[in-house]
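Geometric and topological summary
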Amino acid sequence: MEKKIHACNSILDLIGNTPLVKLNHITRELEGDFYAKMEFFNPGHSAKDRIAAFIIEEAERKGILKEGSTIIETTSGNTGFSLAMVAIVKGYKCILAVSSKSSQDKIDMLRCMGAQVYVCPAHVSADDPRSYYEVAKRLHQETENSIYINQYFNELNIEAHYRTTGPEIWEQTSGQITHFVACSGTGGTISGTARYLKEMNPKIRVIGVDAYGSVLKKYHETGKVDKNEIYPYRIEGLGKNLIPEATDFEIIDTFIKVTDRDSAHTAREIAKKEGIFAGYTSGAVMQAVKQLSDLGEFDSESKVVVVFPDHGSRYMSKVYSDKWMEAQGFMEGVKEQEQKKVEV
Ligand code: PMP
């Protein structure tokens, strides 16, 4: 009898179908049951694998991408890594225009995945020809057979989550989910997932997490961009200083804002209490859950699903470094409290 080899055809077969894990300790004091969708189980360690694979495969179906084509995007973050991964496996070139603010680690990681990386000055305005937006646009115009992913304005970003993340969560909870809480950056994750979930049950509450320094929450409430809401903050991937077309504001019931400091401490708490080493925005979403609980959002019947978008290893020199935490002033008062606990 022929013996079968149990193997995937490529790393891309492992995208999606991420596990849902019950949180047992960090939520002990809260009413309801809480589950985390572990997006760092994707092979590129983030939810962005889903949109990278989906957008590229859609372009293949439509005949836009052919042998030797080039994929172009403006990000040094998770999307860049996922695009580079999908491109290398499928044999496309990948060009990423990134800001000079990006850490050397991130740039090295993208180059290791075969991407051609253009480092563009961070201090220039978005319409300056040297900005990473403009460089990407120019490279797209100059490169034959290229596509510009433009995740903030690409409807397929929503559709990827509508087709995959939404149905997975519905199945995994056997339709019992009552609340869906997710960080909003491009808005693709929350909009696509919520669109599917609300089609299945319109009563599911959908709550977006935003950063102080971002315009999303205020825009959702007023329909206007308030420039006073915009100021620098540290959490990457959460919130925005413009209105992304990949966000379906109508499907989101409410937004809640979290601080850099609280989110950082909550990320560290997830690791210590649940043994889950997740990224900075996983801290943000759990911080939001705590605040929502204080506001009376949940009761004993609630079945709350949150998204953990990426892995903690991407934040070794940030949230998981005491030195970085101290430099941000996030450890003030914390050391004294820990010391008191030891003395008791
Ligand atoms: N967390 C992290 C770490 C991210 O990189 C992103 C993407 N910007 C998000 C959350 C938010 O996901 P989305 O863009 O789908 O709103």
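Parameters and conventions
- Residues numbered from 1 in each chain as written.
- Predicted model: local features only at pLDDT ≥ 70, side-chain atom pairs only at ≥ 80, totals over all residues.
- Heavy atoms only, no water.
- Axes fitted to C-alpha atoms, helices over the stretch in contact; angles between N-to-C directions.
- Helix = DSSP H or I, 4+ residues; strand = E, 2+ residues; numbered from the N terminus.
- Parallel < 35°, antiparallel > 145°, perpendicular 65-115°, else oblique.
- Left-handed = near helix turned anticlockwise from the far one by under 90°.
- Contact = heavy atoms within 4.5 Å.
- Nonpolar A, V, L, I, M, F, W, Y, C, P; charged D, E, K, R; others polar.
- Domains from an automatic or database assignment.
- Buried area = accessible area lost by both parts, 1.4 Å probe.
- Salt bridge = Lys/Arg side-chain N within 4 Å of Asp/Glu carboxyl O.
- Polar contact = N/O pair within 3.5 Å; in protein donor to acceptor, adjacent residues only side chain to side chain.
- Disulfide = S-S within 2.5 Å.
- Buried < 20%, exposed > 50% of the residue type's maximum accessible area, 1.4 Å probe, protein only.
- UniProt positions renumbered as here; feature names shortened; annotations may be inferred.
- Expected span 1.5 Å × (residues − 1).

As for the packing of helix 6 (residues 165–172) against helix 7 (residues 188–200)
Their axes nearest at 7 Å, the elements helix 6 and helix 7 cross at an angle of 45°. Judged on the interaxial angle alone, helix 7 and helix 6 are oblique. As helix 6 runs across helix 7, the sense of the crossing is right-handed. Listed contacts from helix 7 to T165, G166, P167, I169 and W170 of helix 6 are T193, Y196, L197 and M200. In terms of residue class, the contact of helix 6 with helix 7 is built from six nonpolar, three polar and no charged.

Observations regarding the domain arrangement of the protein
Along its sequence, the protein is carved into domain 1 (11–43 + 155–326) and domain 2 (47–148). One C-alpha centre belongs to domain 1, the other to domain 2, and the line joining them spans 25 Å. Taken together, the 25 residues of domain 1 in the interface contact 18 residues of domain 2. Across the interface of domain 1 and domain 2, roughly 1800 Å² is buried in total on both sides, 60% from carbon and sulfur atoms. Considering only the side of domain 1, the residues that lose the most area to domain 2 are L12, L156 and R314, jointly responsible for 33% of the buried surface there. Linking domain 1 to domain 2 there are three salt bridges. The interface formed by domain 1 and domain 2 includes nine residue pairs in polar contact (both at pLDDT 80 or more). Among the elements of the structure, helix 5 (155–163) and helix 6 are those that each provide at least two residues to the side of domain 1 that touches domain 2. Residue composition of the side of domain 1 that touches domain 2, grouped by class: seven nonpolar, nine polar and nine charged.

Things to note about the state of the cysteines
Using the criterion set out here, one finds zero disulfides in the structure. Of all cysteine sulfurs in the structure, the one in C112 sits closest to C94, which takes part in no disulfide; the separation is 14 Å. Given a relative accessible area of 5%, C94 falls into the buried group.

Describing the pattern of salt bridges
Considering all chains together, one arrives at 26 salt bridges under this definition. Salt-bridge contacts for K198 lead to D253; the nearest nitrogen and oxygen are separated by 2.8 Å. Pair noted here: K198 is in helix 7 and D253 is in the loop between helix 8 (216–222) and strand 9 (254–258), with a separation of 55 residues, a long-range link. Looking at D253, the relative accessible area reads 32%, which means it is partly exposed.

Focus on the packing of helix 1 (residues 48–61) against helix 2 (residues 78–90)
In the contact formed by helix 1 and helix 2, the axes pass within 8 Å of each other and the chain directions differ by 45°. By the angle between their directions, the pair helix 1 and helix 2 is classed as oblique. Once helix 1 is placed against helix 2, the crossing between them reads as right-handed. Residue-level contacts link K48, D49, I51, A52, A53, I56, E57 and E60 of helix 1 to N78, T79, S82, L83, M85, V86 and K90 of helix 2.

As for the UniProt feature "domain: Tryptophan synthase beta chain-like PALP" (unreviewed entry) in the protein
As annotated in UniProt, the feature "domain: Tryptophan synthase beta chain-like PALP" (unreviewed entry) corresponds to residues 12–310 in the numbering used here. From the first C-alpha to the last, residues 12–310 spans 17 Å; its make-up is 38% helix and 17% strand.

So, helix 2
Compared with the 18 Å implied by 1.5 Å per residue over 13 residues, the 18 Å span of helix 2 between its first and last C-alpha is a close match. With 10 of its 13 residues buried, helix 2 lies for the most part within the structure. Those residues of helix 2 that sit buried are N78, T79, G80, F81, S82, L83, A84, M85, V86 and A87. Looking at the buried side of helix 2, the elements it contacts are helix 1, strand 3 (70–73), strand 4 (93–99) and helix 3 (104–112). After helix 2 finishes, the residue G91 shows a positive phi value of roughly 85°.

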